[in-house]
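Reading the structure
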Amino acid sequence: MRSQIGVQAAAFSDTPLEMVLKKVVEYGVSGVELAKGRNVSIENVYNVKQLLTTHKVEAFAINNGITCLEKSGKQAIEALMESVEIAGVLGSKIIITYCSCEDFDASVSVYVKNLQYCLRSCEEKGIALVLENEPYGITSKADDVLRIIKEVNSPNLKINFDPDNCYNSGEEAFPFTY
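Residues numbered from 1 in each chain as written. Predicted model: local features only at pLDDT ≥ 70, side-chain atom pairs only at ≥ 80, totals over all residues. Heavy atoms only, no water.

Concerning the environment of isoleucine 94
Here isoleucine 94 lies in strand S4 (residues 94-98). Judged by its relative accessible area of 33%, isoleucine 94 falls in the partly exposed class. Here the alpha-carbon distance between isoleucine 94 and asparagine 63, two residues 31 residues apart in the chain, equals 8.5 Å. Isoleucine 94 has contacts with Phe60, Ala61, Ile62, Ile127, Ala128 and Val130, leaving out every residue within four places of it along the chain. (Helix = DSSP H or I, 4+ residues; strand = E, 2+ residues; numbered from the N terminus. Buried < 20%, exposed > 50% of the residue type's maximum accessible area, 1.4 Å probe, protein only. Contact = heavy atoms within 4.5 Å.)

Re helix H1 (residues 17-26)
Along H1, the residues classified as buried are Leu17, Val20, Leu21 and Val24. In a view along the axis of H1, the buried residues occupy a sector of 95 degrees, so they form one face of it. Set apart from the buried face of H1 by more than 90 degrees, the exposed residues are Met19 and Glu26. Following H1 by one or two positions, glycine 28 has its phi on the positive side, about 80 degrees. (Arc of directions from axis to C-beta.)

So, the pattern of salt bridges
A side chain of one charge can pair with a side chain of the opposite charge if their charged atoms are brought near each other. Within this structure, the stated rule accounts for 2 salt bridges. Of the charged contacts, one joins glutamate 26 and lysine 23 as a salt bridge, the two residues approaching to 3.4 Å between their closest N and O atoms. Of this pair, glutamate 26 and lysine 23 both sit in helix H1, 3 residues apart, which is roughly one turn of the helix. Its relative accessible area of 56% is what places glutamate 26 among the exposed residues. Among the salt bridges present, the one from glutamate 151 reaches arginine 147, with a minimum N-O distance of 2.9 Å. Taken together, the residues span about one helical turn, with glutamate 151 and arginine 147 both in helix H5 (residues 142-152) at a distance of 4 residues. Judged by relative accessible area, glutamate 151 falls into the partly exposed class, the value being 34%. Judged by its relative accessible area of 32%, arginine 147 falls in the partly exposed class. (Salt bridge = Lys/Arg side-chain N within 4 Å of Asp/Glu carboxyl O.)

Let's talk about unusual backbone geometry
In this structure, lysine 56 is a non-glycine residue whose phi angle is positive, near 55 degrees. Along the polypeptide, lysine 56 turns up in the loop between helix H2 (45-55) and strand S3 (58-66). Within the chain, asparagine 153 stands out as a residue other than glycine whose phi angle is a positive 55 degrees. Topologically, asparagine 153 is positioned in the loop between H5 and strand S6 (157-160). Taking the relative accessible area as the measure of exposure, asparagine 153 reaches 65% and is therefore exposed.

Some remarks on the packing of H1 against H2
Packing of H1 against H2 leaves a shortest axis separation of 10 Å and a crossing angle of 25 degrees. One element, H1, and the other, H2, form an angle in the roughly parallel class. The chirality of how H1 crosses H2 is right-handed. Along the contact surface, H1 presents Leu17, Glu18, Leu21, Lys22 and Val25, while H2 presents Val48, Leu51, Leu52 and His55. Grouping the constituent residues of the contact of H1 with H2 by class yields 6 nonpolar, 1 polar and 2 charged. (Axes fitted to C-alpha atoms, helices over the stretch in contact; angles between N-to-C directions. Parallel < 35°, antiparallel > 145°, perpendicular 65-115°, else oblique. Left-handed = near helix turned anticlockwise from the far one by under 90°. Nonpolar A, V, L, I, M, F, W, Y, C, P; charged D, E, K, R; others polar.)

Some thoughts on the confidence of the model for the protein chain
Any residue range with low pLDDT should be treated as having predicted coordinates unsuitable for detailed reading. On average, the protein chain scores 84 in pLDDT, and the residues at 70 or more come to 87%. Within the protein chain, no element has a lower average pLDDT than strand S1 (residues 3-8), which sits at 62, and none a higher one than H2, at 97. (pLDDT = per-residue confidence, 0-100.)

Remarks on the nonpolar core
Within soluble globular proteins, side chains that are nonpolar tend to cluster in buried spots. Core analysis: the biggest nonpolar cluster contains 40 residues, and Leu34, Leu52 and Leu90 have the highest contact counts within it. When residues of this core are traced back to their parent elements, those giving at least two are H1, strand S2 (29-35), H2, S3, helix H3 (74-90), helix H4 (104-125), strand S5 (128-132) and H5. Counting residues in each nonpolar core, the second largest holds 5 residues, with Ile96, Tyr98, Ala128 and Val130 among its members. (Core = buried A, V, L, I, M, F, W, Y, C linked by side-chain atoms within 4.5 Å.)

Okay, structure coming up:
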């Protein structure tokens, strides 16, 4: 039986996914985090699904990358919704996303509204949208991340706590932020 451990396949984005999956199986790993635009896209999602099935590896998470949801533009929402579609096809129950906006007060209301829109689809598909703290911008401080979580008010919005990002933002990762 393989360990319940995952590998971030994005770290191997220069290596063909099939080679990454062969190595993952060799090391007894049961799942991967795939990065949209690097390992998986809407155009190749069914090919990726076939590779995962062939190698008996799960797609634990889809990494959406930084999405500028603080802007009211349709493009950012479509990018995140594409990740929801990819996760649905691959059976992933987690999408990891990041926020790049700098001015909390000027952008949080638009960000929250756009997250809520995307989360409706996540809720329908049983997918958690996981917001990772960053060392810069509006998710660099624990209190601001919690404020976003509270304002969005969805059981499908979770936090991916990255202690290194916390440290690089100047906050004490443990025990304060944790």
